[in-house]
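# Descriptive analysis of the structure
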Amino acid sequence: MKIATFNVNSVNARLENLLPWLEKVQPDIVLLQEIKTEFNSFPFFDFQTVGYDAKIWGQKSYNGVAVLSRHKIKVVREGLPGFEDDQARYLEAVVAVNGENVRVASIYLPNGNPPYNDPDDTSKFAYKLRWMEALFKHTDELLHVQEPVILGGDFNVILTDNDVYNPELFRNNALFRPEVVQRLKAIEYQGWTDAFRALYPLPLNGYTYWDYAGGAFANDMGLRIDYLWLSPKAADRLVACSVDKSPRAGSKPSDHTALIAEIRDK
């Protein structure tokens with residue numbers, strides 16, 4: 001069972017990049033973030049042509065998450081429970097893969113940095129912290145469901161100095177603030193396994209994001225901010241995890257790339 005997460009930075013703008021990748025890699029489940037479209041503009045038919053069903057929680061021009069699968073998808077939650085939100089950032093579904101139900105969540109965690117024109121505005125950071133606290137409560141509940149669970153997405157959190165090309169440049173960034181790191185660590189300590197780090201300990205960087213500017217990708221000036229977190233029932237069956245840089249190196253790329261884990265069938 002192959003599961004991928006990929007912040008596509010506008011799904012309609014990335015089809016030329018995304019569809020050939022799906023045909024080549026053929027993951028069973030793909031968790032997309034920043035689809036930046038509502039239901040009526042989502043390219044359902046294009047994904048069907050390469051064998052994928054799609055469920056989305058969309059929003060015009062911003063945010064938006066989706067689950068793609070070559071298997072039947074049942075949406076169980078749109079948005080975080082107990083958290084009123086006008087931004088589409090969380091979609092939870094159950095997918096029947098090879099005779100087994102697997103629960104997945106596509107997550108686009110808030111960035112938290114202030115607007116460029118108002119660096120003293122802390123509202124986005126406060127929103128990020130509240131969002132993470134709501135996520136913490138829900139991930140604790142998810143550890144008790146019957147199915148193996150995979151949380152995948154753009155978490156907008158740099159966990160360690162080894163997860164960013166220049167830690168000092170990001171010390172005061174909302175992706176690397178201690179309050180944010182502590183909250184993601186708290187989720188990990190509930191019992192979730194970071195699929196990439198479980199197989200590739202430090203100092204391997206595992207970057208999944210490179211800015212478009214300044215030759216960041218060519219010079220590997222990246223960040224590791226996309227994750228696949230596995231519940232114990234999924235982590236016990238982890239056999240592989242890798243960053244696939246080919247979409248980032250392809251035509252019309254997102255500034256992120258795909259992270260892929262393989263889970264042994266039951």
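Residues numbered from 1 in each chain as written. Predicted model: local features only at pLDDT ≥ 70, side-chain atom pairs only at ≥ 80, totals over all residues. Heavy atoms only, no water.

## What about the environment of Arg 89?
The test is simple: A helix here means a DSSP run of H or I that spans at least four residues, while a strand means a run of E at least two residues long, and both kinds are numbered starting from the N terminus. Exposure classes here rest on a 1.4 Å probe applied to the protein chains alone. A residue is buried below 20% of its type maximum, exposed above 50%, and partly exposed in between. Note on contacts: a residue pair qualifies if any of its non-hydrogen atoms lie within 4.5 Å across the two residues. Any pair of N or O atoms that falls within 3.5 Å is considered a polar contact. Within protein, one atom must be able to donate a hydrogen and the other to accept it, and sequence-neighbouring residues count only if both atoms are side-chain atoms.
On the secondary structure map, Arg 89 appears in the loop between β5 (73-78) and β6 (90-97). Take Arg 89: its relative accessible area is 8%, and that puts it in the buried class. In the structure, Arg 89 is positioned 88 residues away from Met 1 in sequence and 25 Å away in space, judged by C-alpha atoms. The contact partners of Arg 89, leaving out residues within four places of it in the chain, are Trp 57, Asn 63, Val 65, Ser 106, Ile 107, Tyr 108, Leu 109, Pro 110, Tyr 127 and Trp 131. A distance of 3.2 Å separates a polar atom in the side chain of Arg 89 from a polar atom in the side chain of Asn 63. Among the polar contacts listed, one links the side chain of Arg 89 to the side chain of Gln 87, at a separation of 2.7 Å.

## Let's talk about helix α1 (residues 15-25)
The α-helix advances 3.6 residues per turn, and as a result positions three or four apart in sequence lie on the same side. For α1, the full list of buried residues reads Leu 15, Asn 17, Leu 18, Leu 19, Trp 21, Leu 22 and Val 25. Looking one or two places after α1, you find Gln 26, whose phi comes out positive at around 50°.

## Notes on the sheet that holds strand β12 (residues 226-230)
Two pairing modes exist for strands in a sheet, parallel and antiparallel, and in both the strands are linked by backbone hydrogen bonds. Test applied: Note on pairing: DSSP must find at least two bridges between two strands before they are called paired. Lines fitted to the C-alpha atoms define the axes, with helices restricted to the stretch that makes contact. Angles between their N-to-C directions range from 0 to 180 degrees.
Across the sheet, six strands lie side by side as β5-β6-β7-β8-β12-β9; this open sheet has mixed pairing. Among the strands making up the open sheet, the edge pair consists of β5 and β9 (193-194). Sheet analysis places β9 next to β12, joined by two bridges and oriented antiparallel. Looking at the pairing, Asp 194 lines up with Trp 229 of β12. Contacts from helix α3 (residues 123-142) reach β5, β6, β7 (100-108) and β8 (149-154) within the one sheet, and its direction differs from that of β6 by about 25°.

## Considerations on the packing of aromatic side chains
Selection rule: For Phe, Tyr and Trp, where Trp contributes only its six-membered ring, two rings pair if their centres lie within 6.5 Å, and the inter-plane angle classes them as stacked under 30 degrees, edge-to-face over 60, or tilted in between. A ring is considered to have a charge above it if a Lys NZ or an Arg CZ atom is located within 6 Å of its centre and within 35 degrees of its normal.
Taken as a whole and assessed by the stated rule, the structure comprises ten aromatic pairs. Aromatic pair Tyr 165 and Phe 170: ring centres 6.1 Å apart, planes at 80°, arrangement edge-to-face. Residue class for Tyr 165 comes out partly exposed when judged on its relative accessible area of 33%. Through a chain of ring-to-ring contacts, the aromatic side chains of Phe 39, Phe 42, Phe 44 and Phe 47 assemble into a single cluster. Of note, Arg 177 hangs over the ring of Phe 125, and the distance from its end group to the ring centre comes to 4.1 Å.

## Looking at a nonpolar patch on the surface
Where we set the bar: For patch building, the residue pool is restricted to those with more than 30% relative accessible area and no salt bridge; the joining distance is 9 Å between like charges and 5 Å between nonpolar side chains (Val, Leu, Ile, Met, Phe, Trp, Tyr). Note on areas: Shrake-Rupley with a 1.4 Å probe; residue coverage comes only from the protein chains shown. Salt bridges are counted wherever a side-chain nitrogen of Lys or Arg sits within 4 Å of a carboxyl oxygen of Asp or Glu.
Together, Leu 199, Tyr 200 and Leu 204 make up an exposed nonpolar region whose accessible area comes to about 240 Å². Along the chain, the position of Tyr 200 falls in the loop between α5 (195-199) and β10 (209-210). When its relative accessible area of 34% is taken as the criterion, Tyr 200 is described as partly exposed.

## As for the packing of α3 against helix α4 (residues 178-191)
Put simply, the rule is: Each angle gets one of four labels, with under 35 degrees taken as roughly parallel, over 145 as roughly antiparallel, 65 to 115 as roughly perpendicular, and the rest as oblique. Classification used: nonpolar for Ala, Val, Leu, Ile, Met, Phe, Trp, Tyr, Cys and Pro, charged for Asp, Glu, Lys and Arg, polar for all others including Gly.
Their axes nearest at 10 Å, the elements α3 and α4 cross at an angle of 5°. In terms of axis orientation, α3 runs roughly parallel to α4. Mapping the contact onto sequence places Phe 125, Lys 128, Leu 129, Met 132, Glu 133, Leu 135, Phe 136, Thr 139 and Asp 140 in α3 and Glu 179, Val 180, Arg 183, Leu 184, Ala 186, Ile 187 and Gln 190 in α4. Partitioning the contact of α3 with α4 into residue classes produces nine nonpolar, two polar and five charged.

## Looking at the pairing of β7
For β7, a buried count of eight out of nine residues is recorded, marking the element as mostly surrounded by other parts of the structure. For β6 and β7, the ladder comprises eight bridges, and the chain directions are antiparallel. Bridge pairing in β7 links Val 95 to Val 102. Counting the residues that bridge the hairpin from β6 to β7 gives two residues, and of these Asn 98 lies at a positive phi of roughly 50°. Relative to β8, β7 runs parallel, the two sharing six bridges.

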